[in-house]
Amino acid sequence: MSVPVGGGAEAALGAVRARLARARRVAALTGAGVSAASGLPTFRGALGFWREHRAEDLATPQAYARDPLLVWEWYAARFHAAAAAAPNGAHLHLARLEAQLPDFTLVTQNVDGLHARSGSRRVLELHGNLTKSRCERCGHLDALAPGFALPPCCSRCGSRARPNVVWFGEHLPERAFEAAAAAFSRAEVALVIGTSGVVEPAASLGRLAAQRGAVVVEINPEPTPLTPYATLSLRQDAVSGLHALLGPLTPPPG
Ligand code: OAD
Ligand code: ZN
């Protein structure tokens, strides 16, 4: 069922809220829409990155082999935008859920690091993160600091380092994806927030939870290929959708 902003489907929302309130096992999948309220652009959509750039030119191993500086410049710009951005209410709601539930798993496709900065302790980053560089020779990770030189070099062996992200055509971090799939398999409630649901295998997590009988709640202003798998779709932005689902953010206890 889709619930528009101000729509009359209070009963459906009430039922899902009640289910969530007694759930012990909850999993959430987030995408770029969750960071939109922090001022970071999404990929698809009218103002998205992929309107102006082609993913093949910036987010593939081939693009990096062809023009590493061009690729680094794009990631450096995104790094600086993320560093200047603050987590928003959606990040905070999800951090709060983790603190409240015995079994909560946050899985993100975002590379901006905002979930961790909002207090989420355990985040499965399926597409890596742009807060670090990764040595092309020894694999060592270095935290990037504002104004870092391009391309950055490994602090251990001095070789060139690449962005610590997953590009199209590359494998996801295996352990993180396995943990994500396990969490979505056992979840009683699965939240799918701010993702277009077109990039696999991340999107398969929403379908997996639905197939295992979870209550799946999608929060997205637009319908997506995951909408048919959702028990309830809140056609709202991530902050107000989580607010509708979880109630107001109260200050943490203590
Ligand atoms: P997309 O840009 O594909 O989708 C963003 C989704 O967020 C869309 O469905 C929007 O309708 C929705 N949205 C926009 N504003 C929102 C808001 N304020 N609140 C909630 N939802 C909102 O981003 P992802 O699904 O994250 O991969 O993209 C998946 C992957 O494709 C990314 O990780 C990236 C990209 O290419 C790589 O770079 C490998
Ligand atoms: Zn190295």
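Residues numbered from 1 in each chain as written. Chains lettered and ligands numbered in written order. Predicted model: local features only at pLDDT ≥ 70, side-chain atom pairs only at ≥ 80, totals over all residues. Heavy atoms only, no water.

Coordination of the zinc ion (ligand 2) by the protein is provided by Cys-135 (SG), Cys-138 (SG), Cys-154 (SG) and Cys-157 (SG), with metal-donor distances spanning 2.3 to 2.4 Å. Coordination geometry of the zinc ion (ligand 2): the 4 donor atoms subtend angles of 99 to 122° at the metal centre, consistent with an arrangement described as tetrahedral. In the primary sequence, the donor residues of the zinc ion (ligand 2) line up as C-x2-C-x15-C-x2-C. (Donors = N, O, S within 2.8 Å, 3.2 Å for Na, K, Ca; no water. Tetrahedral: all angles 85-135°; square planar, octahedral: opposite > 155°, others 65-115°.)

Our next topic: the sheet that holds strand β6 (residues 141-143). Read from one edge of the open sheet, 3 strands run β6-β5-β7, paired in antiparallel fashion. Edge strands, defined here as strands with exactly one partner in the open sheet, are β6 and β7 (161-165). Between one strand axis and the next, the sheet turns by 45° as a mean value, whatever way the strands run. Alignment of strand β5 (residues 128-135) against β6, held across 3 bridges, turns out to be antiparallel. For Arg-134, the partnering residue across the bridge sits in β6 and is Leu-141. Contacting β5 and β7, helix α5 (residues 68-84) runs over the sheet at an angle of about 135° to β5. (Pairing = 2+ DSSP bridges. Helix = DSSP H or I, 4+ residues; strand = E, 2+ residues; numbered from the N terminus. Axes fitted to C-alpha atoms, helices over the stretch in contact; angles between N-to-C directions. Contact = heavy atoms within 4.5 Å.)

Turning our attention to empty space enclosed by the protein. Applying the stated rule across the entire model yields 1 cavity of 30 Å³ or more. Of the volumes computed, that of the largest cavity is approximately 40 Å³. When residues of the lining of the largest cavity are assigned to their parent elements, the largest contribution, 3 residues, is made by helix α7 (residues 114-117). Per-class residue counts for the lining of the largest cavity are 3 nonpolar, 4 polar and 2 charged. (1 Å grid on protein atoms, 1.4 Å probe; cavity = no way out; pocket = protein on both sides within 12 Å on 5 of 7 lines; lining within 4 Å. Points joined across faces, edges and corners; volume = space filled by probe spheres on them. Nonpolar A, V, L, I, M, F, W, Y, C, P; charged D, E, K, R; others polar.)

Regarding helix α9 (residues 204-211), the residues found buried are Leu-205, Gly-206, Leu-208 and Ala-209. The arc enclosing the buried residues of α9, seen along the axis, measures out at 160°, which places them on a common side. Looking at the buried residues of α9, the elements they touch are β2 (25-30), β3 (103-108), α8 (174-186), β8 (189-193) and β9 (215-219). (Buried < 20%, exposed > 50% of the residue type's maximum accessible area, 1.4 Å probe, protein only. Arc of directions from axis to C-beta.)

Here we come to the packing of aromatic side chains. Centre distance and the angle of the planes are the two values used to describe a pair of aromatic rings. Applying the stated criterion to the full structure yields 9 aromatic pairs. When the centroid spacing of 5.6 Å and the interplanar angle of 50° are considered together, the rings of Phe-43 and Phe-49 count as tilted. Given the relative accessible area of 22%, Phe-43 is considered partly exposed. Three or more aromatic residues joined by ring pairs make a cluster, and in this case those are Phe-43, Phe-49, Trp-50, Tyr-64, Trp-74, Tyr-75 and Trp-167. Lying across the ring of Trp-74, Arg-78 places its NZ or CZ 4.5 Å from the centre. We note Arg-162 situated over the ring of Trp-167; from NZ or CZ to the ring centre the distance is 3.9 Å. (Phe/Tyr/Trp six-rings, centres within 6.5 Å; stacked < 30°, edge-to-face > 60°. Lys NZ or Arg CZ within 6 Å of the ring centre and 35° of its normal.)

Bring the parts together and some accessible area is lost; that lost area is often taken as the interface size. Taken domain by domain, the protein consists of domain 1 (1-40 + 87-127 + 172-254) and domain 2 (44-84 + 130-165). Taking both partners together, domain 1 and domain 2 bury about 620 Å²; carbon and sulfur atoms supply 59% of that area. Of all residues in domain 1, Leu-40, Val-111 and Arg-117 give up the largest surface area on contact with domain 2, accounting jointly for 54% of the area buried on that side. Linking domain 1 to domain 2 there are 0 salt bridges. There are 2 residue pairs in polar contact (both at pLDDT 80 or more) connecting domain 1 and domain 2. Taken together, the residues of the side of domain 1 that touches domain 2 break down into 5 nonpolar, 3 polar and 2 charged. (Domains from an automatic or database assignment. Buried area = accessible area lost by both parts, 1.4 Å probe. Salt bridge = Lys/Arg side-chain N within 4 Å of Asp/Glu carboxyl O. Polar contact = N/O pair within 3.5 Å; in protein donor to acceptor, adjacent residues only side chain to side chain.)

Let us look at the site of ligand 1. Neighbouring ligand 1 are 21 residues; Phe-43, Arg-44, Thr-195, Ser-196 and Asn-220 lie closest to it. Trp-50 is positioned with one of its side-chain polar atoms (N or O) 2.8 Å from an oxygen atom of ligand 1. Taking Gly-194, its main chain carries an N or O atom lying 3.2 Å from an oxygen atom of ligand 1. Taking 790 Å² as the accessible area of ligand 1 by itself, protein coverage stands at 89%. (Near = heavy atom within 4 Å. Areas by Shrake-Rupley, 256 points an atom, 1.4 Å probe, with all protein chains shown as cover.)

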